[in-house]
Amino acid sequence: MKFFTIPAQFPATCAVVFLAISPVFAETDPAPLKILIVDGQNNHSWKTTTPVMKEALEGCGRFKVEVSTTPAGKSAADQWAAWKPGFSGYSAVISNYNGDAWPETVRSEFEKYVSGGGGFVCVHAANNSFPEWAEYNKMIGLGGWGGRGPQSGPFLYVKDGKLVRDASSPGAGGSHGAQHEFLVTLFGEGHPITAGMPPVWKHAKDELYDSLRGPAENVKVLAYAFSEKSGRNEPMMMTLDYGKGRVFHTPMGHADYSMRCRGFYTMLQRGTEWAATGKVTIPLPKDFPTAEAVSPVTAPATPPAAK
């Protein structure tokens, strides 16, 4: 039987979160993987979603998360010059960013990091970013908005049990209907990220991205959801190879309430571990959602303000 020991560097107030929402790891298990979340600009509320992702990852005891927040806008040239996230110091990088282009030096560093074997996780609107950055679009496989169209690459969807690369249909890349709960259906021959998951499970209220376009190279679709707007089965979980690096991409995760879904928590934990190591050791929780019901994750209580 394994017993969980909370590392000394975690504050006591985190103990309840660790024990309540996560699988446990023995004291002899490897040190937590060091993960970086990049945020700072987004047309979505990164100030509320980054803390949820950090909570989801650190809550399972497998990760130690740091956050690098970019300057607020193009006018802060001196601040951009000083922004050096240091990707090589992390096992995986998660993007919660959609905004101005990164400096060329940072872009080059990121390309070398991922192609050299680093892990990368792209969440929701991060696939809207950088339509003109060719290598980034190869990393994520599919993206939306930002002028993406037929020149950006094909649509990718599942039809009649097969993955379709549709390069002939016209139309802009990126669309979604009203937010709603939707069913996620596993696809393909299986993967460590989805191992043990029910073949169909219900995800919390979210934007269901459709009609994404991109290079769509070296993509393995792990799951899809049916979009009434596009009339197609749209990819919801993908893995990609970029050089020696591993990429996990999910268009899910519009808001904090979208992420507070046990399915999303588990997907993010497992996807991040796979991107970082190529393996998944995090077990499926007992309260994973079913096809009939969403499994919400309750926000941890806010500690009382100091007097």
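Here's a quick rundown of the structure. Since we're looking at a predicted model, the values are computed, not measured. (Residues numbered from 1 in each chain as written. Predicted model: local features only at pLDDT ≥ 70, side-chain atom pairs only at ≥ 80, totals over all residues. Heavy atoms only, no water.)

### Quick notes on the overall build of the protein
(1) Moving on: Within the protein, the regular secondary structure consists of seven helices and 13 strands.
(2) Moving on: Buried residues in the protein amount to 54% of all 307 residues.
(3) Moving on: Expressed as a percentage of contacts within the protein between residues at least 6 apart in sequence, the contacts between residues at least 24 apart total 69%.
(4) Moving on: Taken as a whole, the protein presents about 13,500 Å² of accessible surface, with 55% of it coming from carbon and sulfur. (Helix = DSSP H or I, 4+ residues; strand = E, 2+ residues; numbered from the N terminus. Buried < 20%, exposed > 50% of the residue type's maximum accessible area, 1.4 Å probe, protein only. Contact = heavy atoms within 4.5 Å. Areas by Shrake-Rupley, 256 points an atom, 1.4 Å probe, with all protein chains shown as cover.)

### Side note on the packing of helix α2 (residues 46-58) against helix α7 (residues 262-277)
(1) Moving on: The N-to-C vectors of α2 and α7 enclose an angle of 70 degrees; their axes lie 9 Å apart at closest approach. When the interaxial angle is binned, α2 and α7 end up roughly perpendicular. Our pair here, α2 against α7, has a crossing hand that is right-handed. For the pair α2 and α7, the contacting residues are V52, M53, E55, A56 and L57 in the first and Y265, L268, Q269 and T272 in the second.
(2) Moving on: Grouping the constituent residues of the contact of α2 with α7 by class yields six nonpolar, two polar and one charged. (Axes fitted to C-alpha atoms, helices over the stretch in contact; angles between N-to-C directions. Parallel < 35°, antiparallel > 145°, perpendicular 65-115°, else oblique. Left-handed = near helix turned anticlockwise from the far one by under 90°. Nonpolar A, V, L, I, M, F, W, Y, C, P; charged D, E, K, R; others polar.)

### Description of the pairing of strand β13 (residues 245-250)
(1) Moving on: Most of β13 is tucked away: six of the six residues are buried.
(2) Moving on: Of the two faces of β13, the one carrying G245, V247 and H249 and the one carrying R246, F248 and T250 are both buried.
(3) Moving on: In the sheet, strand β4 (residues 119-123) pairs with β13 via five bridges, with the strands oriented parallel. Residue pairing in the sheet places G119 in a bridge with R246 of β13.
(4) Moving on: Two elements, strand β12 (residues 232-242) and β13, share five bridges in a ladder whose sense is antiparallel. Each residue of the ladder has a partner; that of D241, found in β13, is R246. (Pairing = 2+ DSSP bridges.)

### Concerning the pattern of salt bridges
(1) Moving on: Per the counting criterion, the structure on display carries eight salt bridges.
(2) Moving on: Across the pair E58 and K54 runs a salt bridge whose closest N-O atoms are separated by 3.0 Å. Residue E58 and its partner K54 are located together in helix α2, separated by four residues, close to a single helical turn.
(3) Moving on: Taking relative accessible area as the criterion, E58 reaches 9% and is therefore assigned buried.
(4) Moving on: We classify K54 as partly exposed; its relative accessible area is 26%.
(5) Moving on: Two residues, E273 and R62, come together in a salt bridge whose shortest N-O distance is 2.8 Å. Of this pair, E273 sits in helix α7 while R62 sits in the loop between α2 and β2 (63-69); the two residues are 211 residues apart in sequence, bridging distant segments of the chain.
(6) Moving on: What makes E273 buried here is its relative accessible area of 0%.
(7) Moving on: Under the relative-accessibility criterion, R62 is labelled buried at 9%. (Salt bridge = Lys/Arg side-chain N within 4 Å of Asp/Glu carboxyl O.)

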